[in-house]
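If you want the building blocks of each chain, they are given just below.
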Amino acid sequence: MADVLIDPHERHQQDVHLRHPEFGDLGTGTLAYGGEQWPSIVLDTPLPISVLTGGTRCALLKAKTRDQQLISLVDCTVGDGVIHVDYLVFGNIQAPAFKRVDLRFSDITKWFTRGQSLDGAIGQSLTWNRRPTPIEVALPDAQIAIRSRLVGRGEQRGEDFVLHEHLEFVVENTGGTFRAADLPQQARDIGCLFTILRARPLVLTGMSVVTDDGRRHTLYFPGIETAKTSIEPGDPAVGSLIRKNSLDGRWQTIFERYYASPLRKLLWRRFAGMQQYEGYWEYRVLGFVSLLDQYVQQKEKGSAPPGISHQDSRKLRKLEQAITAAAVPLSNVQRDALLREIGAVFCRHGKQSFARNYRKVMATTDPDIVRIINISEQHFEIIKDVRDAIAHSDEPPIDHRNLTDINVIVAKITLLLTYCAYIDFGLSKQDFLKSLRGNSHRLPRMAQLDEVHLDRVARNTEFLPVSAETWKTLMQTRHRHMLCLVQTASGELEFSEHYTKHYADWLKHPHDNPHTIDTIFGIPADGGRFLNRVYIEHGGQTMELHVVYLLYASHLPPNERDLTAG
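Since we're looking at a predicted model, the values are computed, not measured.

Conventions adopted
Residues numbered from 1 in each chain as written. Predicted model: local features only at pLDDT ≥ 70, side-chain atom pairs only at ≥ 80, totals over all residues. Heavy atoms only, no water. Helix = DSSP H or I, 4+ residues; strand = E, 2+ residues; numbered from the N terminus. Polar contact = N/O pair within 3.5 Å; in protein donor to acceptor, adjacent residues only side chain to side chain. Axes fitted to C-alpha atoms, helices over the stretch in contact; angles between N-to-C directions. Parallel < 35°, antiparallel > 145°, perpendicular 65-115°, else oblique. Left-handed = near helix turned anticlockwise from the far one by under 90°. Contact = heavy atoms within 4.5 Å. Nonpolar A, V, L, I, M, F, W, Y, C, P; charged D, E, K, R; others polar. Phe/Tyr/Trp six-rings, centres within 6.5 Å; stacked < 30°, edge-to-face > 60°. Buried < 20%, exposed > 50% of the residue type's maximum accessible area, 1.4 Å probe, protein only. Lys NZ or Arg CZ within 6 Å of the ring centre and 35° of its normal. Patch = residues over 30% accessible without salt bridge, like charges linked within 9 Å, V, L, I, M, F, W, Y side chains within 5 Å. Areas by Shrake-Rupley, 256 points an atom, 1.4 Å probe, with all protein chains shown as cover. Salt bridge = Lys/Arg side-chain N within 4 Å of Asp/Glu carboxyl O.

Novice: What exactly am I supposed to notice about the side chain of Asp102 here?
Specialist: With respect to the helices and strands, Asp102 occurs in strand 7 (residues 100-106). Side chain to side chain, Asp102 and Arg100 meet in a polar contact 2.8 Å long. A polar contact of 3.4 Å, which involves the side chain of Asp102, links it to the side chain of Arg149.

Novice: Which parts of the structure should I look at to understand the packing of helix 2 (residues 183-198) against helix 4 (residues 263-274)?
Specialist: Two measures define how a pair of helices packs: the angle their axes make with one another and the distance between the axes. Helix 4 packs onto helix 2 with a crossing angle of 65° between their chain directions and a minimal axis gap of 9 Å. When the axes of helix 2 and helix 4 are compared, the pair comes out roughly perpendicular. Note that helix 2 runs across helix 4; the crossing there is left-handed. Of helix 4, the residues touching helix 2 (which contributes Gln185, Asp189, Cys192, Thr195 and Ile196) are Arg264, Trp268, Arg269, Phe271 and Ala272. Taken together, the residues of the contact of helix 2 with helix 4 sort by class into 5 nonpolar, 2 polar and 3 charged.

Novice: Got a minute to help me understand the packing of aromatic side chains in this structure?
Specialist: Each aromatic ring pair is described using two quantities: the centre-to-centre distance and the angle formed by the ring planes. One pass over the structure, following the stated rule, counts 27 aromatic pairs. Both rings, one in Phe105 and one in Phe169, keep their centres 6.1 Å apart while their planes meet at 65°; by these two values the pair is edge-to-face. Placement of Phe105 in strand 7 and of Phe169 in strand 12 (residues 160-173) is noted, with a sequence separation of 64 residues between them. Assessed through its relative accessible area of 5%, Phe105 is described here as buried. Considering the side-chain rings of Trp268 and Phe425, the 6.0 Å spacing of their centres and the 75° angle between planes classify their relative orientation as edge-to-face. Linking Trp268 in helix 4 with Phe425 in the loop between helix 11 (403-424) and helix 12 (429-435), this pair joins segments that are 157 residues apart in sequence. Judged by its relative accessible area of 0%, Trp268 is buried. Here the guanidinium or amino end of Lys244 rests over the ring plane of Phe112, the centre of that ring lying 4.4 Å away. Taking NZ or CZ as reference, Arg456 lies 4.1 Å from the ring centre of Phe463, over its face.

Novice: Can you walk me through a nonpolar patch on the surface in this structure?
Specialist: There is a patch of nonpolar side chains on the surface, built from Leu118, Ile122, Leu126, Trp128, Phe161 and Leu163 and spanning about 640 Å² of accessible area. For the nonpolar patch, the secondary-structure elements that each account for two or more residues are strand 9 (125-129) and strand 12. With respect to the helices, strands and loops of the structure, Trp128 is situated in strand 9.

Here it is, written out as structure tokens:
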């Protein structure tokens, strides 16, 4: 059956005739759905009490519209003059059991198909080029198999013929069949995984089910939304945190680790949900801080908590002496049991504080990641104050005047939890480091990362040591770009004002020749190298330079080898 297109934000109403598989004709009513409300049928006449009473649950009813369209109503509850419906299946199904569900999300097809193109001649033949590698995974423990597929169709619009293509995830039950109530969770799990991987929210925009007879039907429930502009700006093809092709070949591991993770239901679903939150900014802060609190609690779960305080231990020892010296002494077993009960009720036991858990988790997290994300003590104090206020039901100490700091903190927490999720899903530190570069995602920019350490660890550019004299000279230059350095025979780097001026003068005149070392400086092509970006460092300090020519003194004309300083 062809897919039924439904606008979930529009309220739909249809007159229908109802039938029950056992009781037969139930009369007529008005079926209403959409408009962000649950489907329901307002009955024209009350149902006979002998048939269905209020509160009765029906697994399946059938509704026929005036144009003879059949709609299967799944998981219904009978009320007073109304029937509430959990799921609508457009078509005639024999039982509410489904072998497969096909899921469509917004904002993922361009990410999935990045780089593909059409080859050929319009009007003759067209062939897709560089098609993406499909996802195919089997999860025996979860009794499901998941694969991706691209669905396309053509549409004539006047003189134009438009090609449509979108991605669907096909989830098959390998151990039996799905109930309708299972389907939203299948969609939620896949949506959460890709939301976290891409740091870009997914919205479920369509769902179809396949029954045992192989027929495909559109299913609707209020969790399905219309495709809309993502709250994450930018093109999803380049505005996602990680590229799809960097994950190809590892999908089986990623899905296995994700579905087996003890944090999937407890934390990762909430984390993905918070990335879709568009409401009041204070609630957004509270949400992400509570997620961080939950994460460090789970990581430290099972570690030995602090014991009874020293002062309470002294009181228990005195009580033990008094019990032993009592006129009617207790046995040793009775005495020890009594002391345990008193200690449990009246003594103050130490608790694993958020600050303590956080610092322990950070101490075991990769030090490069901790330094790059760079949650400072000032940032942590804000996080801790917000968390403590939540724990004690106090008003969070958030001031709109430091909203910039708050946004930075939220971005840092998001990246930290994303890194933790990547590791949990079987990805590596290098995968995360690569995700911080090479895309237009806002998170790395908003988080105010330690860019220098990121470049050093990710090896995105070179770090060249210089002498104190060269450092001082470069600190005094007006510009940090379009410079020339000379590497002496001993390997030291010196700033060359002479060659820097030569390069600037050369640029002032138009040239047809390429910008190469031999054409600019008149020396052999292997007499140096061009550095688009480079760091120089001395005494623990770094300086970023752009458009730098590094010339080798051994290749310079003999009369110019001493002109490095002027």
